[in-house]
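Breakdown of the fold
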Amino acid sequence: MTADPHTGFVAAAYAIAFVAVAAMIFVILRDYRTLKRDLARFPARGERAARDDEGSL
Amino acid sequence: MKNYANPSNFLRLTSVLTPWLAALTAALLAVGLYLAWFVAPPDYQQGETVRIMYLHVPAAWLSMWIYMVMTSAALGTLVWRHPLADAAQKAAAPLGAGFTFICLVTGSLWGKPMWGAWWVWDARLTSVLVLFLIYLALVALWRTIEDPGKAARAAAIFTLVGAINIPIIKFSVDWWNTLHQPASVFRLGGPAIAGSMLWPLLIMALAFTLLFATLHLMAIRNEILRRRLRRLSILAADAAASEFTPRPASLGAAR
């Protein structure tokens with residue numbers, strides 16, 4: 001494979017796809033952690049009320 | 001199905017499903033990449049460059065598939081007012097943009113050695129670029145309108161209008177004379193690609209689809225939590241406001 005003159009294009013394609021997928025996973029996980037941290041600031045009673053009110057979203 | 005319209009039930013389902021889906025995705029990706037790199041033969045004309053196909057084609061299929069998911073969710077928002085439909089639509093847009101980006105970049109990296117150009121303004125490439133811009137516009141639209149209800153309706157209408165681009169992408173290679181090759185897997189006469197390349201391609205496509213399903217579930221979960229947080233913040237602000245509102249002075253009880 002390394003003898004092929006276009007190996008650089010193949011490697012770049014896989015590297016960029018890997019970075020793009022990793023970025024999507026990272027953003028979603030970071031968002032989740034931030035939301036859980038912010039939600040933890042509210043007392044459980046308020047969270048229950050918000051959950052009960054969620055049927056209509 | 002109706003039970004999962006309840007966000008709390010959906011969150012419970014997500015917490016059970018996500019680890020299994022993630023494990024299955026990782027396993028399929030590992031198998032797909034092994035087949036694509038070490039088992040599938042080089043093409044007799046393109047040589048090793050054909051290995052870009054195992055990323056480019058699944059990403060291209062997924063970029064259209066995600067838009068169809070968003071179109072279904074838009075109908076769910078506008079017609080059935082399903083409580084999770086707009087959350088599903090909002091969560092899918094950045095993922096659609098991500099996979100379309102992969103499709104465009106890998107296509108460009110495949111085009112340069114094969115066509116001698118990074119980019120050509122032919123119908124297939126241009127319509128996929130339009131799809132990418134539609135995804136970005138939808139993400140921007142959700143961020144611009146503050147009221148989630150109004151944003152959901154505006155995004156749903158925009159999504160339905162943008163759906164016209166999907167058949168244009170699919171049939172662009174048949175309707176116009178393009179540099180991009182015509183369909184070689186889903187075609188009337190059966191796949192025009194050798195089995196030794198087709199199987200790794202199908203496994204990579206399945207792995208990409210599972211990857212999207214996993215990320216989509218996680219992103220919908222985030223969206224539900226974001227709305228819960230918004231509701232709690234409003235409740236807390238209302239409580240604080242009523243605490244500081246001066247009460248009418250008592251005239252005292254007559255004795």
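Predicted, not measured: the structure shown is a model, and the values here were computed from it.

Comments concerning the overall build of chain B
The helix and strand tally for chain B stands at seven helices and zero strands. In sequence order, the secondary structure elements of chain B are arranged as α-α-α-α-α-α-α. The C-alpha atoms of chain B give 24 Å as radius of gyration, which overshoots the globular expectation for 255 residues (18 Å, by more than 25%). Dimensions along the principal axes, computed over C-alpha positions, put chain B at roughly 105 × 40 × 30 Å. Counting all 255 residues of chain B, 36% fall into the buried class.

Let's talk about the overall build of chain A
Check the secondary structure of chain A and you find two helices and zero strands. Expressed as a percentage of the 57 residues in chain A, the buried residues total 14%.

A look at the interface of chain B and chain A
With 34 residues of chain B at the contact, the number on the chain A side is 31 residues. At the level of secondary structure, the elements contributing two or more residues to the side of chain B that touches chain A comprise α1 (7-39), α3 (85-115) and α7 (195-244) of chain B. No other element matches α7 of chain B, which puts 13 residues into the side of chain B that touches chain A. The residue inventory of the side of chain B that touches chain A, partitioned by class, reads 20 nonpolar, seven polar and seven charged.

Section: the nonpolar core
In terms of nonpolar packing, the biggest core is built from 66 residues, with Ile 66 and Ala 92 of chain B touching the most fellow members. For this core, the secondary structure elements donating two or more residues are α1 (7-39) of chain A together with α1, α2 (53-80), α3, α4 (123-144), α5 (148-162) and α7 of chain B. If we ignore the near neighbours within four places in the chain, the residues touching Ile 66 of chain B are Ala 92, Leu 95, Gly 96, Phe 99 and Phe 212 of chain B.

Comments concerning α1 of chain B
An α-helical turn contains 3.6 residues, so any two residues separated by three or four positions project in the same direction. All names here are of chain B. The largest bend in α1 is about 35°, located at Leu 17, with the proline Pro 19 one to four residues further on. All buried positions along α1 are accounted for by Pro 7, Phe 10, Thr 25, Gly 32 and Ala 36. Structurally, α1 contributes buried residues whose contacts are with α2 and α7.

A short note on unusual backbone geometry
Phi at Arg 81 of chain B takes a positive value of approximately 50°, unusual for a residue other than glycine. On the basis of neighbour count, Arg 81 of chain B is assigned to the exposed category, with 12 C-beta atoms found within 10 Å.

Structural notes on the environment of Leu 179 of chain B
All names here are of chain B. Relative to the elements of secondary structure, Leu 179 occurs in the loop between α6 (165-175) and α7. Separated by 59 residues in the primary sequence, Leu 179 and Val 120 have C-alpha atoms spaced 8.1 Å apart. With sequence-adjacent residues up to four places away left out, Leu 179 is seen in contact with Trp 115, Val 120 and Asp 122.

Some points on the packing of α2 of chain B against α3 of chain B
Residues and elements named next belong to chain B. It is at 8 Å that the axes of α2 and α3 come closest, and there the two elements cross at 160°. When the axes of α2 and α3 are compared, the pair comes out roughly antiparallel. For α2 against α3, the interelement crossing comes out left-handed. For the contact of α2 with α3, the residue count by class is 19 nonpolar, nine polar and one charged.

Brief notes about the environment of Asp 238 of chain B
Residue position: Asp 238 of chain B is located in helix α7. Residues Asp 238 of chain B and Leu 21 of chain B, spaced 217 residues apart in sequence, show a C-alpha to C-alpha distance of 40 Å.

Notes on the confidence of the model for chain B
Atom-level detail of predicted coordinates should not be read off regions where pLDDT is low. Averaged over every residue, the pLDDT of chain B is 89; residues scoring 70 or more account for 93%. We note a pTM of 0.88 for the whole complex and an ipTM of 0.87 for its interfaces.

Details of the packing of α3 of chain B against α7 of chain B
Residue and element names in this part refer to chain B. Orientation of α3 relative to α7, taken along the N-to-C sense of each, is 135°, at an axis distance of 8 Å. With respect to α7, the element α3 is oriented oblique. Read as a crossing pair, α3 and α7 show a hand that is right-handed. Between α3 and α7, the contacting residues are Ala 87, Ala 88, Lys 90, Ala 91, Ala 92, Leu 95 and Phe 99 on the first element and Phe 212, Leu 215, His 216, Ala 219, Ile 220, Glu 223 and Ile 224 on the second.

About the cut-offs
- Residues numbered from 1 in each chain as written.
- Chains lettered and ligands numbered in written order.
- Predicted model: local features only at pLDDT ≥ 70, side-chain atom pairs only at ≥ 80, totals over all residues.
- Helix = DSSP H or I, 4+ residues; strand = E, 2+ residues; numbered from the N terminus.
- Rg over C-alpha atoms; globule rule 2.2 N^0.38 Å.
- Buried ≥ 20, exposed ≤ 12 C-beta atoms within 10 Å, placed from the backbone.
- Contact = placed C-beta atoms within 7 Å.
- Nonpolar A, V, L, I, M, F, W, Y, C, P; charged D, E, K, R; others polar.
- Core = buried A, V, L, I, M, F, W, Y, C linked by C-beta atoms within 7 Å.
- Bend = angle between axes of the 7 residues up to and from the residue.
- Axes fitted to C-alpha atoms, helices over the stretch in contact; angles between N-to-C directions.
- Parallel < 35°, antiparallel > 145°, perpendicular 65-115°, else oblique.
- Left-handed = near helix turned anticlockwise from the far one by under 90°.
- pLDDT = per-residue confidence, 0-100.

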